[in-house]
2 protein chains.
Amino acid sequence: MTAPPRGVPTDEFRQRTRRAQEMMAHHGLSALLLTSEPEIRYYTGFLTRFWESPTRPWFVVLPCNGDPIAVIPSIGAHLMGQSWVTDIRTWSAPDYGDDGIGLLSDALRQVTPEDGWIGIADQIESHVRMPLADLRRLEHGLLPRVLVGDAAITRQLRLVKSETEIGKIRQAVRIADRAFARVGEIAHVGRPLSEVFRRFQMLCLEEGADWVPYLAGAADAEGYADVISPATDVPLRAGDVLMLDTGLVWDGYFCDFDRNFSLGPPSAEVREAHARMLDATLAGAELARPGATIADLFHAMHRVVNPSGSVMEAGRLGHGLGMQLTEWPSIVPEDHTVLVAGMVLTLEPSVEIGPGKIMVHEENIVIRDHGAEFLSSLQSHEIRVI
Amino acid sequence: MTAPPRGVPTDEFRQRTRRAQEMMAHHGLSALLLTSEPEIRYYTGFLTRFWESPTRPWFVVLPCNGDPIAVIPSIGAHLMGQSWVTDIRTWSAPDYGDDGIGLLSDALRQVTPEDGWIGIADQIESHVRMPLADLRRLEHGLLPRVLVGDAAITRQLRLVKSETEIGKIRQAVRIADRAFARVGEIAHVGRPLSEVFRRFQMLCLEEGADWVPYLAGAADAEGYADVISPATDVPLRAGDVLMLDTGLVWDGYFCDFDRNFSLGPPSAEVREAHARMLDATLAGAELARPGATIADLFHAMHRVVNPSGSVMEAGRLGHGLGMQLTEWPSIVPEDHTVLVAGMVLTLEPSVEIGPGKIMVHEENIVIRDHGAEFLSSLQSHEIRVI
């Protein structure tokens, strides 16, 4: 299986822009102001790990007519110049006096009438990536134009993936699948969990990951206490359940799934918990077809893993996946999003196996016209044994 | 050289909190509201890669008297429970109806009188990590209490590192130093740059990195066009200058420095450029002692690498370093921060070697009473040859 081509065709960026503009017209927005990595990359293709540095803000203005305007630090001009964006305005950042706000304000005024509205992401899962004082200064300077919510336009568009995007997610998933298949090479009784984490990331890279932004996991007897802690130096012990959950990236797209391993023969409780999580996954996948809702998926899985109906610590049973490790929507009972072909989701049931001990399983699927297609290699009911 | 112990003593968190509280009293703030990863970790020690998921907001309230209050998703309760924070209030996130804002508002009201001010980071390099609509709802609900800037209290405290922090940064630097020493094993003519990136990250992990959040670099004849682009699949060629710049993490602290390599014998221009960058680094380090200013450092380096005085694309010649890849301050002529023992900085001169071609060099130093101590192994004037 060869890797898909890197990059996204310019036509696709134009189409995303056109569709956003149709929605902007519908909502009466003169422009969108984009400040975060996934928003900016979605419309421009601007892909860099430089976002790790919090120093500089980056802005893209999407007018309701015409092409995007990038208002960015000059250090990014060369890279942005390779995208389809031609209107690139730069300043030498960081500038303690005016870190791009004057330039941004000019661009927004240029495309927004005095009584116009400018949309900015303001809903759950979003944040505005610029200093709050600068945001307030910008808002004040734009008056009588107002900054309003973006009606979740970008979130709605990103929710349904193109075949190009699905291809990249599938590639990330395959790389992780191959790394998971090799965990027996790096995990054994006596090795500290921190060393297993280190070696697993090396496997992900060796199998083709561009980078490994996310790895979580745990190892303990009869399940684990939580799934977000960093690895400790405690050595693996016989009987431990080892869980590794990775979000690795290929060409800017994530996978996000986990695998559980028993160090030696699993207990009856662990075997049963693993099988139950697989049952829940299958129940979710069975329902996951166009027309069903996210709430349907939640209930189908929840009734398998948690027949008592108590509140779960994780707060959800899966989520969207793509340019970010976790994306809209969340698989919760309050989410009534109707499934559409092209959505990529994680199914992530968890069970409480004993007091303070849980297990979590996760697979990645894409919604097709006929139903769910597994991107990750669906696990058997039997937990893997090392 | 053994690794320093992991973690930060509780006394140090108490001391950070006490010092913040003294500054809050001075500025008339009743509380600080913390929303971002480094802010929250600085006062609590909450260390997790889970921040990669944008879904859930996390809050810590630092009252002007008493201990911090964590207002966080229940999925983080176990990990936060291992910190020195005892007042931990949780909700099952994501909650589409109220994603923690009610709980947060209650906590803030509890510690803030009606005419009180609540500080929130609002300056350059910061952003508020929560949905804008929730921030506006919170502000409205807190009235007549007001959210104001935090007077850069946390930024000021973080600027001067403790010996515990310096030890962790030094450990990250040493790991990267060892990985850079092995670049000859993984970089050779004919190998795609993307594969070099992958293998270099594996080396960083093998040498002891917890993870590798940042790797940038480039390879081209007579310098490179930019330093933030992702790696292409173009194979290395004889005569290329290869640059690798990594921010790897050990126990939550970054290093950030680069190394240049010539594939085969370097040209006279490349040799001269490399030597000039080292001269600039030494000029900066020579001046870097308590009492000097950041502007002094800038001018000392700038006059060596850029005698013509033109505007640089990078916008600065180095920056702070610690819990983030880049931290306050920036080495720019407008920065008049006075150096104090304990500050950790990168010195990062760049030269334009030809039209559209640059080279960048970077070292990490800590300011001591007697002057600069190099954390990274200071390079010789001669560029490394592979």
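The rules behind these values
For every chain, the first residue of the written sequence is number 1, and numbering continues from 1 onward in sequence order. For naming, the first written chain is A and the first written ligand is 1, with later ones following in the order written. The predicted nature of this model means local features are confined to residues of pLDDT at least 70 and side-chain atom pairs, given and counted, to a pLDDT of 80 or more, with totals for whole chains, interfaces and linings taken over all residues. Values reported for side chains reflect all heavy atoms of the structure, with hydrogen atoms and water molecules removed beforehand. Among buried residues, the Ala, Val, Leu, Ile, Met, Phe, Trp, Tyr and Cys ones that are joined through side-chain atoms within 4.5 Å form a nonpolar core. The rule is simple: take the accessible area with a 1.4 Å probe, protein chains only, and divide by the maximum for that residue type; under 20% is buried, over 50% is exposed, in between is partly exposed. Whether two residues are in contact is decided by their heavy atoms: any pair within 4.5 Å suffices. Where each domain begins and ends follows an automated or database-derived domain assignment. In this description, buried area is defined as the sum, over both parts, of the accessible area (probe of 1.4 Å) that is lost when the two are combined. By definition, a salt bridge exists where a carboxyl oxygen of Asp or Glu is found within 4 Å of a side-chain nitrogen of Lys or Arg. Runs of E in the DSSP output that reach at least two residues are strands. Runs of H or I that reach at least four are helices, and both are numbered from the N terminus. For every residue, the predictor assigns a confidence score, pLDDT, that lies between 0 and 100. Any pair of N or O atoms that falls within 3.5 Å is considered a polar contact. Within protein, one atom must be able to donate a hydrogen and the other to accept it, and sequence-neighbouring residues count only if both atoms are side-chain atoms. Two strands make a pair as long as DSSP finds a minimum of two bridges between them. Crossovers are described as right-handed under a simple rule: with the strands pointing away from the observer, the path leading from the first strand over the helix to the second runs clockwise. Copy-to-copy alignment: least squares on C-alpha atoms, limited to residues at pLDDT 70 or above in both. The residues that make up patches have over 30% relative accessible area and no salt bridge, and they are joined within 9 Å when like-charged or within 5 Å when they are Val, Leu, Ile, Met, Phe, Trp or Tyr. The accessible surface values rely on the Shrake-Rupley method and a 1.4 Å probe; as for residues, cover is taken only from the protein chains in view. Under the convention used throughout, the expected extent of a helix is 1.5 Å for every residue step, that is, one less than its residue count. Angles shown run from 0 to 180 degrees and are taken between the N-to-C directions of axes, each axis being a line fitted to C-alpha atoms and, for helices, limited to the stretch in contact. An arc is given here, and it is the one of the directions from the helix axis to the C-beta atoms. Whether two aromatic rings pair depends on their centres lying within 6.5 Å, for rings of Phe, Tyr and Trp, where Trp uses its six-membered ring; planes under 30 degrees apart make the pair stacked, over 60 edge-to-face, and the rest tilted. Placement of a positive charge over a ring is assigned whenever Lys NZ or Arg CZ falls within 6 Å of the ring centre and within 35 degrees of the normal to the ring plane.

**What to know about the nonpolar core**
No. 1: Core analysis: the largest hydrophobic core is formed by 204 residues, its most contacted members being F200(A), L242(A), F200(B) and L242(B).
No. 2: For L242(B), the contacting residues outside a window of four places in its chain are V183(B), A187(B), L193(B), V196(B), A218(B), A219(B), L236(B), R259(B), N260(B), F261(B) and L263(B).
No. 3: With 42 residues, the next largest nonpolar core counts W91(B), A93(B), I101(B) and L142(B) among its residues.

**Things to note about the domain arrangement of chain A**
All names here are of chain A.
No. 1: Considered domain by domain, chain A is made up of domain 1 (10-157) and domain 2 (160-385).
No. 2: Facing the 12 residues of domain 1 at the interface are 16 residues of domain 2.
No. 3: Both sides of the domain 1 and domain 2 interface together cover about 1,100 Å² of buried area, and 50% of this is carbon and sulfur.
No. 4: Sorting the residues of domain 1 by area buried against domain 2 places R41, R49 and E125 first, and these three jointly supply 41% of that buried surface.
No. 5: Our enumeration of links across domain 1 and domain 2 arrives at 2 salt bridges.
No. 6: With its nearest N and O atoms 4.0 Å apart, the salt bridge here joins R316 to E125.
No. 7: Every element with two or more residues in the side of domain 1 that touches domain 2 is listed here: α1 (10-27), α2 (37-44) and α6 (153-159).

**Overview of the confidence of the model for chain A**
No. 1: Confidence along chain A averages 96 in pLDDT terms, with 98% of residues attaining 70 or more.
No. 2: With a pTM of 0.97, the predicted complex shows an ipTM of 0.96.

**Considerations on the interface of chain B and chain A**
How big an interface is tends to be expressed through the accessible area that disappears when the partners come together.
No. 1: Across the contact, 79 residues belong to chain B and 79 residues belong to chain A.
No. 2: Both faces considered, chain B and chain A share a buried interface measuring about 6,500 Å² in area, 56% of it formed by carbon and sulfur atoms.
No. 3: Ranking the residues of chain B by area buried against chain A places R49(B), Y96(B) and I228(B) at the top, with a combined share of 12%.
No. 4: At the surface where chain B touches chain A, the tally comes to 6 salt bridges.
No. 5: Along the contact surface separating chain B from chain A lie 34 residue pairs in polar contact (both at pLDDT 80 or more).
No. 6: Of all the elements in the fold, those that place two or more residues in the side of chain B that touches chain A are α3 (77-80), α5 (132-142), α9 (193-206), β7 (211-221) and β12 (327-330) of chain B.
No. 7: Sort the elements by how many residues they give to the side of chain B that touches chain A and α9(B) lands first, with 6 residues.

**Structural notes on the side chain of R316(B)**
No. 1: Checked against the element boundaries, R316(B) lands in the loop between α11 (294-305) and β11 (318-320).
No. 2: At 2.8 Å, the side chain of R316(B) forms a polar contact with the side chain of S330(B).
No. 3: Not counting residues up to four positions away in its chain, the partners in contact with R316(B) are S53(A), T55(A), R56(A), P94(A), E125(B), T326(B), S330(B), I331(B), V332(B) and E348(B).

**Digging into the pairing of strand β5 (residues 117-120) of chain B**
Residues and elements named next belong to chain B.
No. 1: As paired elements, strand β1 (residues 31-34) and β5 share 3 bridges and run parallel to each other. Following the sheet pairing, L33 is matched in β5 by I120.
No. 2: Where β5 and strand β6 (residues 146-149) come together, 4 bridges link them in parallel fashion. When the sheet's bridge partners are listed, I120 is paired in β6 with G149.
No. 3: Considered for its hand, the β-α-β crossover made up of β5, α5 and β6 is right-handed.

**Looking at the relation of the copies chain B and chain A**
No. 1: In screw terms, the move from chain B to chain A is a rotation of 180 degrees and a rise of 0.0 Å along the axis, fitting with an RMSD of 0.0 Å. Each copy turns onto its partner about a two-fold axis. For chain B, the smallest separation between a C-alpha atom and the rotation axis is recorded for M202(B), amounting to 2.5 Å.
No. 2: The share of interface residues of chain B whose copies in chain A are also at the interface is 100%, consistent with both copies meeting through the same surface.

**Overview of a nonpolar patch on the surface**
No. 1: There is a patch of nonpolar side chains on the surface, built from W117(B), L143(B) and V146(B) and spanning about 270 Å² of accessible area.
No. 2: Secondary-structure assignment places L143(B) in the loop between α5 and β6.

**With respect to helix α11 (residues 294-305) of chain A**
Residue and element names in this part refer to chain A.
No. 1: Its 12 residues place the ends of α11 17 Å apart at the C-alpha level, agreeing with the 16 Å of an ideal helix rising 1.5 Å per residue.
No. 2: Turning to α11, its buried residues number three or more, namely I294, A295, L297, F298, A300, M301, H302 and V305.
No. 3: For α11, the secondary structure elements touched by its buried residues are α10 (268-287), β12 (327-330), β13 (344-347) and β14 (350-354).

**Details of the sheet that holds strand β1 (residues 31-34) of chain A**
Sheets are built from strands that pair by backbone hydrogen bonding, the pairs being arranged parallel or antiparallel.
Residues and elements named next belong to chain A.
No. 1: Taken in spatial order, the 6 strands of this open sheet run β4-β3-β2-β1-β5-β6, and their pairing is mixed. This sheet does not close on itself; its edge strands, each paired only once, are β4 (87-91) and β6 (146-149). Recorded for the sheet is a direction-independent mean angle of 25 degrees between the axes of neighbouring strands.
No. 2: As judged from the 5 bridges shared by strand β3 (residues 69-73) and β4, these two strands associate in the parallel manner. Each bridged residue has a counterpart across the sheet, and for I69 the counterpart in β4 is D87.

**Quick word on helix α4 (residues 101-111) of chain A**
In an α-helix, one full turn covers 3.6 residues, which means residues spaced three or four apart are oriented alike.
Residue and element names in this part refer to chain A.
No. 1: All buried positions along α4 are accounted for by I101, L104, S105, A107 and L108. For α4, the buried positions fall inside an angular range of 165 degrees around the axis, keeping them on one side.
No. 2: Next to the buried residues of α4 lie β1, β2 (59-63), β3, β4, β5 (117-120) and α5 (132-142).

**What about the sheet that holds β5(B)?**
Residue and element names in this part refer to chain B.
No. 1: Spatially, β4-β3-β2-β1-β5-β6 is the arrangement adopted by the 6 strands of the open sheet, whose pairing is mixed. The open sheet is flanked by β4 (87-91) and β6, the only strands paired with a single partner. Across the sheet, the mean angle separating the axes of adjacent strands is 25 degrees when strand polarity is ignored.
No. 2: Against the sheet, helix α1 (residues 10-27) makes contact with β1, β2 (59-63) and β5, and its axis sits at roughly 65 degrees relative to β2, the strand it touches most.
No. 3: Running at roughly 5 degrees to β2, helix α4 (residues 101-111) makes contact with β1, β2, β3 (69-73), β4 and β5 of the sheet.

**A few points about the packing of aromatic side chains**
No. 1: This model, assessed by the stated rule, comprises 18 aromatic pairs over all chains.
No. 2: Seen in terms of ring centroids, Y214(A) and F50(B) are 6.4 Å apart; in terms of plane orientation they differ by 55 degrees. Their pairing is tilted. A residue pair is termed interchain when its members come from two chains, as with Y214(A) in strand β7 (residues 211-221) and F50(B) in the loop between α2 (37-44) and β2.
No. 3: Judged by relative accessible area, Y214(A) falls into the buried class, the value being 3%.
No. 4: Residue classification places F50(B) among the buried residues on the basis of a relative accessible area of 11%.
No. 5: Relative to Y96(B), the ring of W328(A) has its centre 5.1 Å away and its plane inclined at 20 degrees; by these criteria the two rings are stacked. Residue W328(A) is located in strand β12, and its partner Y96(B) is located in the loop between β4 and α4; the two belong to separate chains.
No. 6: By relative accessible area, W328(A) is classed as buried at 15%.
No. 7: Here a set of aromatic residues connected by ring pairs shows up, and it is made of F46(A), F50(A), W51(A), W58(A) and Y214(B).
No. 8: The lysine or arginine in question, R41(A), covers the ring of Y253(A), its NZ or CZ lying 5.8 Å from the ring centre.
No. 9: For R259(B), the ring lying beneath its charged end belongs to F180(B), and the centroid distance is 5.9 Å.

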